[in-house]
Amino acid sequence: MGEGLRSLVVLLVQLARDLKLEAYMDYYYRDYPALVKTSRQTCIIDQVQTGFMLHPSFFSAEPPSIFQWLSSCLKGEGVQPYPYLPGICERSKLVVLSVALYILGDESAVLNEASHYLYKITSGQRKQPMEQDDKRCSFKSSTSVSSLAEKLVLWMTSVGFTLRDLESLPFGVALPIRDAIYQCREQPASDWPEAVCLLIGRQDLSKQAWEGSLQKGKSSVGTVLSSDIPSAAESEEDEDGMNDMNEEVMSLIWSEDLRVQEVRRLLQSARPVRVNVVQMPEASDHEYIEEKENRLLQLCQRTMALPVGRGMFTLFSYHPVPTEQLPIPKLNLTGRAPPRNTTVDLNSGNIDVPPNMACWASFHNGVAAGLKIAPASQIDSAWIVYNKPKMAELANEYAGFLMALGLNGHLTKLATLNIHDYLTKGHEMTSIGLLLGVSAAKLGTMDMAITRLLSIHIPALLPPTSTELDVPHNVQVAAVVGIGLVYQGTAHRHTAEVLLAEIGRPPGPEMEYCTDRESYSLASGLALGMVCLGHGSNLIGMSDLNVPEQLYQYMVGGHRRFQAGMHREKHKSPSYQIKEGDTINVDVTCPGATLALAMIYLKTNNRSIADWLKAPDTMYLLDFVKPEFLLLRTLARCLILWDDILPNSKWVNSNVPQIIRENIISLHATELPSSEDLSLETLAQAHVYIIAGACLSLGFRFAGSENLAAFQCLYKYATDFLKCLSAPTASITGHYNLETCLSVLLLALAMVMAGSGNLKVLQLCRFMHKKTGGEMNYGFHLAHHMALGLLFLGGGRYSLSTSNSSIAALLCALYPHFPVHSTDNRYHLQALRHLYVLAAEPRLLTPVDVDSNTPCYALIEVTYKGTQWYGEATEELMAPTLLPELHLLKQIRVKGPRYWELLIDLSKGTTHLQSILSKGGILYVKLRAGQLSYKEDPMGWRSLLAQTVTHRNSEARAFKPEAISAFTSDPALFSFADYFCKPTVNMGQKQEILDLFSSILYECVTQENPEMLPTYIAIDQAVRRLERREMSETFELWQMKLVLEFFSSRSHQERMSRNPTRGLFMNSEFLPVMKCTIDNTLDQWLQAGGDVSLHSYLSGQAPEESQLSMLACFLIYHSVPTPGQLAAGGLEGSRNFSELLLKLRRLRVPVRALLRLAPLLLGNPQAMVL
């Protein structure tokens, strides 16, 4: 005890004695028996003067005791408001309010009206600060709270209470708060602030909260899951553009095999290909060289298609160094011929090579390199310009790089001056990349500056009197799609009107607009669909445009309407090259119009529009529609009737008209049925395209869901098409048509299984990768490797979304007409293939062990919300895993028993989980005591708790201090085990204490409440001191009493009945033993002469000095009333025990104390009732 406290007690006792305050003197004596007996001074104030003294209103006859107040609360007795001085007794105030909340269950205690439990002692001047002080302690719960324990912990954090404050509280007073913390630790909410998580001792959550509070760019996620920088020894692999992937996480996701290395092998385009041609005896050397070069030309069709898939695989996986250029892997179009490994080159002049063959491949290569950059990277305008290559032949790659920066949101940082600079160069590819990039970066914003920029490249958006600019056709196409992106979902009338007219723009005037009209019409249709995305019939202010009717006319043909608007003058002079007459050229306008209808009515389930898109059901009408347009119609129809799509072959076949179903040739037929009035070729082609369209819509509907039924259905059709290709009837349908449909099916499969790395789809992709001859052209390779890229999207970290915006982006990217050769942009601009980025979303949840900071496995339980197709369902997944789309989920829980449980409740909103996923999907988890990770112990047979099957006591004794490292990573506990639990030679008496400490340590770490270790030891020390009769003050005994009362309190008993397996001191015999020891010690003292001292005290005489300390302990422990209270209770004349019982009930004396007091009070000190 400090010198100051000793002096204060002496002063207070003297004051109480002077003022004749018997109750206060008794109170001080009970707290400090050793001090009170030494102060012998008597009263020096005249009795008459004492009578004149005015007692202030807050002065009570009974001394206020915080311990007594807490004890009454725990016993469930009524309590008076506790007096406190604002700004001085803040700790008392905190303890009173927390007990009122947690033990009495009064939630209003911590709101504003604290006066119910607190009695404020204040003078007039202190009024103002007081009110502010009340606000500090008031509590508005903003986060999720369900139980009293949670309310208490959140309130204590809100008033600034920390672990250090908790450690400074006496152990008995702190116990209810520790219990609340222990209750919260088991099942905390994931959205609690960092301070709360620190208080409840969940480092995993506090680290998560700390990560969440960082700015997005400065997140430390990169450091946790960054892959090692490759050394110079790896320089050979260095150039393939795939070495910045996070190997650690990928090795957890796909731990069974080497599929990731296989994907890298299939997608690398930086090394020469093997050109394996056998020289026939009759072939001359020159012919042999030509043959090798022709073979290389075939293989190059595949090599040039690889970068798009590689961009998907490495999506957002790299944080560039701002002082270095972004490494763009070389696109290698040479070959090596075995056995001598001679180089085969296309530039030898032996064979004809198409001009500019590799220009689009270089563009895609640049996009793939740029898409590696993560959206959270620190990039500025100077770095973008710094990457501009010096050599002119690399300009196409830089154009792709600019587009990629737009797709990942960094192009907004590029200064307007630089954008202008790039566009004035007049380099076609750069303009395409830049226009699409800035549009994607400003998706759906209607940004005026970007609109002006795009309008310059679209004659239809310029005033009729403006100077005619010579804008390359592909740049116009890119600009039109750019307008669609910038105005996505806005239903902007003027834009929609112009785009509607542009779908059917006639050729001319004179020599203009004669080539590649299909891609412009398609782009206008896609852009119109984006502008009115999902608006359906609610296109406000557009009824006079008759959008659906006009689109229907573009789709089925008819008389061209008169060109309205300001551009009609242009179309007066006809085209010199194409004579179309005044009917609509459906071959040009149909695809754009069909997809525009699909996007405008997307998910609206509008049957009347869907019926327009039904496949014709008579032979006559079938002859009027190109078979590949049937694919688009079927796709569009299914996207409109979104809710009708079912993942089974019965539904897929229901899209095929009856005439086709009845006359379809079986796959394995060897001879063809002859028919006069039916064209079998038309029927067969229509059939495969309709099936492919329905399957593609299935891919959109279940994109990124890994839906098993959808996968099996699509896989069945894919294998069917593969068999078709080798069947004798393949020539009727046409190999090209079958290859197209197979590619579409592969893409649909990859969409459903996006990011999952499914092995069956990978095998299909690899099989298609190996096919390089025959009908296989650049476009099919492009489709197959896009499927492969989607399957491993972002290295397994990304998946596809099915939001309207994502479907629009995927329709642009996966448009099911593939280029015939590498420079083919006639039907669809190749640059649009990269818009899939707008549909990708991070959905990988990666548990990271908070102690070792490494990714690990953890079992999570995902609960789906109920929908019209299925009820609420729960599924267990082993993370790291791709989550389903967040809007489908109700909650996610990290399950025990190995890791601390953690609940992310999505019914309150998905922003918390979205922020976790966008920062790398890192979810911090913490191993429970004695558990090993799933990697070290897959079956759970090696955990320490699994090994100890024996009885608990022997278990605690057999607990070796060395084993503690498996239970905890706390250095303080290691030190405790080291110093206090290790046996040494000649232990003697200390062996018992060592055993006790070992069992206490075992109890604390296995029950996972190491913070209770000091409490256990304090209780043990106090009991030992009492046994030795060395207790000079009763403070520790008060704490013991509060601990015992807390465990017998009603509120605690109710909690235990609700959850019998959780709580402090749960499996412990420790408390009953301690209680028994105290009882025995005090009873022995009573029998060995203590009863005489007790009798003297009760009758108001001075007890013997040597007995004072033990007497005070007895009075405190048994709640014995003061002599004054006993006298007021009218106990004189009580003749038997039952009378005493009734009278002492009013004084709230417990029965166990009464049994010990009864002989003395009944005047028979010898006959002790024990």
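For the structure, see preceding data.
Going along each chain's sequence as written, the residues are numbered from 1 onward. For a predicted model such as this one, the threshold for reporting local features is a pLDDT of at least 70, and the threshold for listing and counting side-chain atom pairs is 80 or more; totals across whole chains, interfaces and linings nevertheless cover every residue. Remark: hydrogens and water are excluded; side-chain values derive from all non-hydrogen atoms of the structure.

Asker: Please explain the overall build of the protein chain as it appears in this structure.
Answerer: Secondary structure assignment for the protein chain yields 53 helices and 15 strands. The contacts in the protein chain between residues at least 6 apart in sequence include a share of 75% that link residues at least 24 apart. A helix here means a DSSP run of H or I that spans at least four residues, while a strand means a run of E at least two residues long, and both kinds are numbered starting from the N terminus. Note on contacts: a residue pair is in contact if any heavy atoms of the two residues lie within 4.5 Å.

Asker: Explain the nonpolar core here, please?
Answerer: Soluble, globular proteins show a tendency: their nonpolar side chains are buried together. For this analysis, a nonpolar core means a set of buried residues of the types Ala, Val, Leu, Ile, Met, Phe, Trp, Tyr and Cys, connected via side-chain atoms within 4.5 Å. Whether a residue is buried, partly exposed or exposed follows from its accessible area with a 1.4 Å probe, protein chains only, as a fraction of its type maximum: under 20%, in between, or over 50%, in that order. Of all hydrophobic cores here, the largest spans 219 residues; its most connected members are Leu528, Leu551 and Phe700. Those residues in contact with Leu528, other than ones at most four positions away along the chain, are Ala496, Leu499, Leu500, Ile503, Val547, Leu551, Ala596 and Ile600. Of all hydrophobic cores here, the second largest spans 143 residues; its members include Cys73, Leu1001, Leu1037 and Leu1160.

Asker: What am I meant to see in helix α40 (residues 804–813) here?
Answerer: Since there are 3.6 residues in each turn of an α-helix, residues three or four apart along the chain are aligned in direction. Counting buried residues in α40 gives eight out of ten residues, a clear majority hidden from the surface. Residues of α40 that are buried include every one of Ser806, Ile807, Ala808, Ala809, Leu810, Leu811, Cys812 and Ala813, and no others.

Asker: It is not clear to me how the packing of aromatic side chains should be interpreted in this structure. Could you clarify?
Answerer: Where two aromatic rings form a pair, the distance of their centres and the angle of their planes describe that pair. Planes of paired rings set the category: under 30 degrees apart is stacked, over 60 is edge-to-face and the rest tilted, where pairs are Phe, Tyr or Trp rings (Trp by its six-membered ring) whose centres lie within 6.5 Å. If you walk through the whole model with that rule in mind, you get 24 aromatic pairs. As a reminder, the over-ring test applies to NZ of lysine and CZ of arginine, requiring each to be within 6 Å of the ring centre and within 35 degrees of the ring normal. The cationic tip of Lys372 hangs over the ring face of Tyr318; the distance from NZ or CZ to the ring centre is 5.0 Å.

Asker: How should a nonpolar patch on the surface be read in this particular structure?
Answerer: Patch rule: a residue counts if its relative accessible area is over 30% and it has no salt bridge; like charges are joined within 9 Å, and nonpolar side chains (Val, Leu, Ile, Met, Phe, Trp, Tyr) within 5 Å. Each accessible area is a Shrake-Rupley result for a 1.4 Å probe, and residues are judged covered by the shown protein chains and nothing else. Every case where a carboxyl oxygen of Asp or Glu lies within 4 Å of a side-chain nitrogen of Lys or Arg is listed as a salt bridge. Taken together, the side chains of Phe1137, Leu1141, Val1151, Leu1155 and Leu1162 make up a nonpolar region of the molecular surface, amounting to roughly 350 Å² of accessible area. Of all the elements in the fold, those that place two or more residues in the nonpolar patch are α52 (1137–1146) and α53 (1151–1161). The residue Leu1155 is located in helix α53 in this model. Under the relative-accessibility criterion, Leu1155 is labelled partly exposed at 33%.

Asker: It is not clear to me how the side chain of Ser65 should be interpreted in this structure. Could you clarify?
Answerer: As for its placement among the helices and strands, Ser65 is situated in the loop between α4 (47–52) and α5 (66–75). The exposure class of Ser65 is buried, given its relative accessible area of 11%. There is a polar contact of 3.0 Å between the side chain of Ser65 and the backbone nitrogen of Gln68. Ignoring any residue separated from it by four or fewer positions in sequence, one finds Ser65 in contact with Tyr27 and Tyr82. For the purposes of these results, a polar contact is taken to be a pair of N or O atoms within 3.5 Å, where, inside protein, one atom must be able to donate a hydrogen and its partner to accept one; residues adjacent in sequence count only when each atom of the pair is a side-chain atom.

Asker: I tried to follow the environment of Arg271 on my own but got confused; where do I start?
Answerer: Mapping Arg271 onto the fold places it in the loop between α16 (259–267) and β3 (273–274). For the pair Arg271 and Asp240, spaced 31 residues apart in sequence, the C-alpha to C-alpha distance is 7.8 Å.

Asker: Quick question: what am I supposed to make of the environment of Asp345 here?
Answerer: You can see Asp345 is positioned in the loop between β5 (342–344) and α18 (359–371). Note on Asp345: relative accessible area 31%, which makes it partly exposed. The spacing of Asp345 and Leu333 is twelve residues in sequence and 7.7 Å in space, taken between C-alpha atoms. Side-chain polar atoms of Asp345 contact the backbone nitrogen of Asn347, separated by 3.3 Å.

Asker: Looking at this model, I keep getting lost on the pattern of salt bridges. Mind explaining?
Answerer: Counting across every chain of the model gives 36 salt bridges. Close ionic contact of Asp204 with Arg202 constitutes a salt bridge, the shortest N to O distance being 3.0 Å. Neither Asp204 nor Arg202 differs from the other in exposure class; each is buried. One salt bridge connects Arg265 with Glu262, and the closest N-O pair in it is separated by 2.7 Å. Of this pair, Arg265 and Glu262 both sit in helix α16, three residues apart, roughly one helical turn. Since its relative accessible area comes to 45%, Arg265 is described here as partly exposed.

Asker: How should the sheet that holds strand β11 (residues 873–879) be read in this particular structure?
Answerer: Two orientations exist for strands paired in a sheet by backbone hydrogen bonds: parallel and antiparallel. Reading across the sheet, the four strands line up as β11-β10-β13-β14 and stay open at both edges, with antiparallel pairing between neighbours. The open sheet has two edge strands with one neighbour each: β11 and β14 (902–905). When the angles between neighbouring strand axes are averaged without regard to direction, this sheet yields 20°. By the convention used here, strands pair only if DSSP detects at least 2 bridges between them. Pairing geometry for strand β10 (residues 858–864) and strand β13 (residues 889–894), over five bridges, is antiparallel. Counterpart to Thr863 in the pairing with β13 is Gln891. Orientation is described by axes fitted as lines to C-alpha atoms, over the contacting stretch for helices, and by angles from 0 to 180 degrees between their N-to-C directions.

Asker: Is there a simple way to think about the sheet that holds β5 in this case?
Answerer: The mixed open sheet is built from three strands, whose spatial order is β3-β4-β5. Each having just a single partner strand, β3 and β5 make up the two edges of the open sheet. The sheet contact formed by β3 and strand β4 (residues 335–337) spans two bridges and is parallel. For Arg274, the partnering residue across the bridge sits in β4 and is Arg336.

Asker: Got a minute to help me understand unusual backbone geometry in this structure?
Answerer: Most peptide bonds adopt trans geometry, and most residues besides glycine take a negative phi value. Note that the residue after Pro338, namely Pro339, is joined by a cis bond; omega there is 5°. Residue position: Pro339 is located in the loop between β4 and β5. Each neighbour pair has its own omega, and for Ala879 with Pro880 the value is 5°, a cis peptide bond. Tracing the backbone through its elements, the reader meets Pro880 in the loop between β11 and β12 (881–882). Non-glycine residue Asn853 carries a positive phi angle of around 60°. Mapping Asn853 onto the fold places it in the loop between β8 (844–849) and β9 (854–855). Non-glycine residue Arg1029 carries a positive phi angle of around 60°. By secondary structure assignment, the location of Arg1029 is in the loop between α46 (1013–1027) and α47 (1035–1048).

Asker: For this particular structure, what's the right way to read helix α27 (residues 547–556)?
Answerer: Among the ten residues of α27, seven are classified as buried, and the element is accordingly described as predominantly covered. Buried within α27 we find Val547, Pro548, Gln550, Leu551, Gln553, Tyr554 and Met555. Tucked into the core, α27 has its buried residues touching α25 (493–503), α26 (517–531), α28 (586–600), α29 (607–612) and α31 (627–640). Looking at the residues trailing α27, positive phi occurs at Gly557, about 95°.

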